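# Examination of the molecular architecture
Here is what each chain is made of, one letter per residue.
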Amino acid sequence: MQCTRNITEDLVWVGGNDRRKALFENIFPIPRGVSYNSYVLLDEKTVLLDTVDDAVRGQFLENVAGVLDGRKLDYLVVNHMEPDHCAVIGDILLRYPEVQIVGNAKTFQMIGQFFEYDLSGNSVVVKEMDTLKTGKHELTFVMAPMVHWPEAMVAYDASTKTLFSADAFGTFGALNGNLFNDEIDFDRDWLDDARRYYTNIVGKYGVQTQNLLKKAATLDIQMICPLHGPIWRSDLGYILDKYTKWSTYEPEDKAVMIAYASMYGNTEAAANQLANLLAQKGVQNIAMYDVSNTHVSTLIAECFRCSHIVLAAPTYNGGIYPVMENFLTDMKALNVQKRTVAILENGTWAVTAGKQMRAMLEEMKEMEIMDTVTIKSALHDDTPLEKLAETIATQLA
Ligand code: FEO
């Protein structure tokens, strides 16, 4: 049965929601599920904007057929060729063999790599600022390379001031019936997942996201239709401000996160003690995470949110405790930068974790690294946490 919602009189959401998948990209936990958005424009010509993931194929095909209601499909715009959006292109070709596929040169290269469809006679290759007139509407295509793959592009409909933004402005989280940002409490219920989505999926490509934002700033946009999560039709400044901060690596909050790894509880005790001292010095909303029990995507999101990061870990096999090393590797991969970082190292003999953590942090851009605090096996009265707490509290005041 068709499960769709009208966005405007002639624009319909035909996507699907997946609450069964445990891991997005087989890496990222999605306890709130994820939506795969797709849109049908019912103009003089009919247009489908992107398809969906295999997981919601059946519902999606019913939605498209229901909305078309016997009309033929004229165009399929492929803004993004990642399989969570392109998996159902083949089914669309089978059902609507006359459909014209609209994409850029890289899109068609990727279609050829993923599939073996004969698209001769079915393809419309577009470049930057090319247009597709469909009747009342005209789509303008704007390239958005590396947001989040090289072929990514967005489509702008000037007649309704709508941006079909591909992965940009997307978020983890299935849609619970409510489709628009003004039907939900985004800041309360969605922001953490939106941050975790952006920072882990697109976080590495801040410069490219900035390039897209600059292009978007030249357009009069009143509605954003992303490929995941709610549609923005009000308060666009809110999400644009988040994207500006995230893509320029500026902290969202003047705040501290303490990420500790602890084998027997001694490093954890030091982290607790530091948090206690910080709180006594007036620091509020301290975020504390056990790296062994927190998915690294959450840690990365918090790195993007907080101005100050404390990393505490034992030495292990002469190196960094593995979960902390993995976190640092991910920080580097996702371009975390412009943060003030403190290191707490622990060890019973040959304490080397701090030196190696510092070396990894020094490979990141514009990191201000404080003096390392060394714990010898367990916390003692002379462990200099007081001085560290004072420095962080002063900076956050
Ligand atoms: Fe939602 Fe980059 O795919």
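Residue positions are counted from 1 within each chain, in the order its sequence is given. Totals for whole chains, interfaces and linings use every residue, but because this is a predicted model, local features are given only for residues with pLDDT of at least 70 and side-chain atom pairs only at 80 or more, for both listing and counting. Hydrogens and water are ignored here; the side-chain numbers use all heavy atoms of the structure.

## What to know about the packing of helix 6 (residues 191-202) against helix 8 (residues 236-248)
The relative placement of two packed helices is expressed as an angle between their axes plus a distance between the axes. At their nearest, the axes of helix 6 and helix 8 sit 11 Å apart, and the two run at 40° to each other. Taken as axis vectors, helix 6 and helix 8 run oblique relative to one another. Seen along the crossing, helix 6 lies across helix 8 with a hand that is right-handed. Touching Leu191, Ala194, Arg195 and Tyr198 of helix 6 are Tyr238, Lys242, Tyr243, Trp246 and Ser247, all from helix 8. For this classification, Asp, Glu, Lys and Arg are treated as charged, while Ala, Val, Leu, Ile, Met, Phe, Trp, Tyr, Cys and Pro are nonpolar and the rest, including Gly, are polar. Its residues assigned to classes, the contact of helix 6 with helix 8 comprises six nonpolar, one polar and two charged. In this analysis, axes come from line fits to C-alpha atoms, helices being fitted only over the stretch in contact, and the angle between any two N-to-C directions falls in the range 0 to 180 degrees. Elements are defined by DSSP. Helices are runs of H or I of four residues or more, strands are runs of E of two residues or more, and each kind is numbered from the N terminus. By the definition adopted for this analysis, an angle is roughly parallel if under 35 degrees, roughly antiparallel if over 145, roughly perpendicular if from 65 to 115, and oblique otherwise. Here is the rule for handedness: rotate from the far helix to the near one, and if that takes an anticlockwise turn smaller than a right angle the crossing is left-handed, while a clockwise turn gives right-handed. The criterion used for residue contact is that any of the two residues' heavy atoms lie within 4.5 Å.

## As for the sheet that holds strand 11 (residues 123-125)
Strand pairing is assigned whenever DSSP detects at least two bridges linking the two strands. The strand order across the open sheet built from seven strands is 1-2-7-8-9-10-11, with neighbouring strands paired in mixed fashion. Both outer strands of the open sheet, strand 1 (5-8) and strand 11, are each paired with one neighbouring strand and no more. Direction aside, neighbouring strands of the sheet carry axes that sit 25° apart on average. Here strand 10 (residues 100-103) runs beside strand 11; their pairing, made up of three bridges, is parallel. Directly across from Ile101, in strand 11, lies its bridge partner Ser123. Together, strand 2 (11-13), strand 7 (39-42) and strand 8 (46-49) form the strand contacts of helix 1 (residues 57-68), whose direction differs from that of strand 7 by roughly 10°. Helix 4 (residues 105-114) contacts strand 10 and strand 11 of the sheet and is inclined by roughly 120° relative to strand 10.

## Description of the domain arrangement of the protein chain
If you check the domain split of the protein chain, you get domain 1 (5-248) and domain 2 (256-396). Using only C-alpha atoms to locate each centre, domain 1 and domain 2 end up separated by 38 Å. In this assembly, eleven residues from domain 1 lie in contact with 14 residues from domain 2. In the analysis that follows, any N or O atom pair within 3.5 Å is treated as a polar contact, provided that within protein one partner can donate a hydrogen and the other can accept it, and provided that, for residues neighboring in sequence, both atoms belong to side chains. The tally of links between domain 1 and domain 2 comes to five residue pairs in polar contact (both at pLDDT 80 or more). Elements that contribute at least two residues to the side of domain 1 that touches domain 2 include exactly strand 5 (28-29), helix 6 and helix 8. Considering every element that reaches the side of domain 1 that touches domain 2, the biggest residue donor is helix 6, with four residues. Within the side of domain 1 that touches domain 2, the residues separate by chemical class into four nonpolar, four polar and three charged. These domain boundaries are the output of an automatic or database domain assignment.

## Section: the nonpolar core
The nonpolar side chains of a soluble globular protein tend to be buried with one another. The criterion is simple. A nonpolar core is a set of buried Ala, Val, Leu, Ile, Met, Phe, Trp, Tyr and Cys residues joined through side-chain atoms within 4.5 Å. Burial classes: relative accessible area under 20% of the type maximum marks a residue as buried, over 50% as exposed, and values in between as partly exposed (1.4 Å probe, protein chains only). Counting 123 residues, the largest nonpolar core has Phe327 and Met331 as its most contacted members. Among the elements that make up this core, the one with the highest residue count is helix 6 (six residues). Summarising the domain contributions, this core has at least three residues from each of domain 1 (5-248) and domain 2 (256-396). Ignoring sequence-local partners within four residues, the contact set of Phe327 consists of Met257, Ala259, Val291, Val296, Leu299, Ile300, Cys303 and Leu311. Formed by 23 residues, the second largest nonpolar core is a distinct cluster that contains Ile258, Tyr260, Leu274 and Ala389.

## Things to note about the pattern of salt bridges
Should a side-chain nitrogen of Lys or Arg be within 4 Å of a carboxyl oxygen of Asp or Glu, the pair is scored as a salt bridge. Counted by the stated rule, this structure contains 26 salt bridges. Among the ionic pairs, Asp130 bridges to Lys127, the shortest N-O distance being 3.7 Å. Taking the relative accessible area as the measure of exposure, Lys127 reaches 56% and is therefore exposed. When the shortest N-O distance is used, the salt bridge between Asp253 and Arg305 registers 2.9 Å. Here Asp253 is found in strand 17 (residues 253-260), whereas its partner Arg305 is found in helix 10 (residues 296-305), with 52 residues between them in sequence. By sharing partners, the salt bridges in this structure join Asp192, Arg195, Lys242 and Glu252 into a single network.

## Here's the deal with unusual backbone geometry
Omega for the bond connecting Val147 with His148 falls within 30 degrees of zero, at 20°, which places this linkage in the cis form. Its identity as a non-glycine residue notwithstanding, Glu25 has a phi of 55°, on the positive side. With respect to the helices and strands, Glu25 occurs in the loop between strand 4 (23-24) and strand 5. We note that Lys161 has phi near 55°; this positive angle belongs to a residue other than glycine.

## Section: the packing of helix 9 (residues 266-280) against helix 13 (residues 385-396)
It is at 9 Å that the axes of helix 9 and helix 13 come closest, and there the two elements cross at 50°. Looking at the two axes, helix 9 sits oblique to helix 13. You can see that helix 9 and helix 13 cross each other, and the crossing is right-handed. Contact residues: helix 9 offers Ala270, Gln273, Leu274, Leu277 and Leu278, while helix 13 offers Leu385, Glu386, Leu388, Ala389, Ile392 and Ala393. Of the residues contributing to the contact of helix 9 with helix 13, the split by class is nine nonpolar, one polar and one charged.

## A short note on the packing of aromatic side chains
Only the six-membered ring of Trp is used, alongside the rings of Phe and Tyr, when aromatic pairs are assigned; centres must lie within 6.5 Å, and planes under 30 degrees apart are stacked while those over 60 apart are edge-to-face, with the rest tilted. With the rule as written, the count across this model stands at 16 aromatic pairs. Ring centres of Tyr198 and Trp246 lie 5.7 Å apart, and the angle between their planes is 25°; on these two criteria the pair is classed as stacked. Here Tyr198, found in helix 6, pairs with Trp246, found in helix 8; they are 48 residues apart in sequence, far enough to count as distant. The same class applies to Tyr198 as to Trp246, namely buried.

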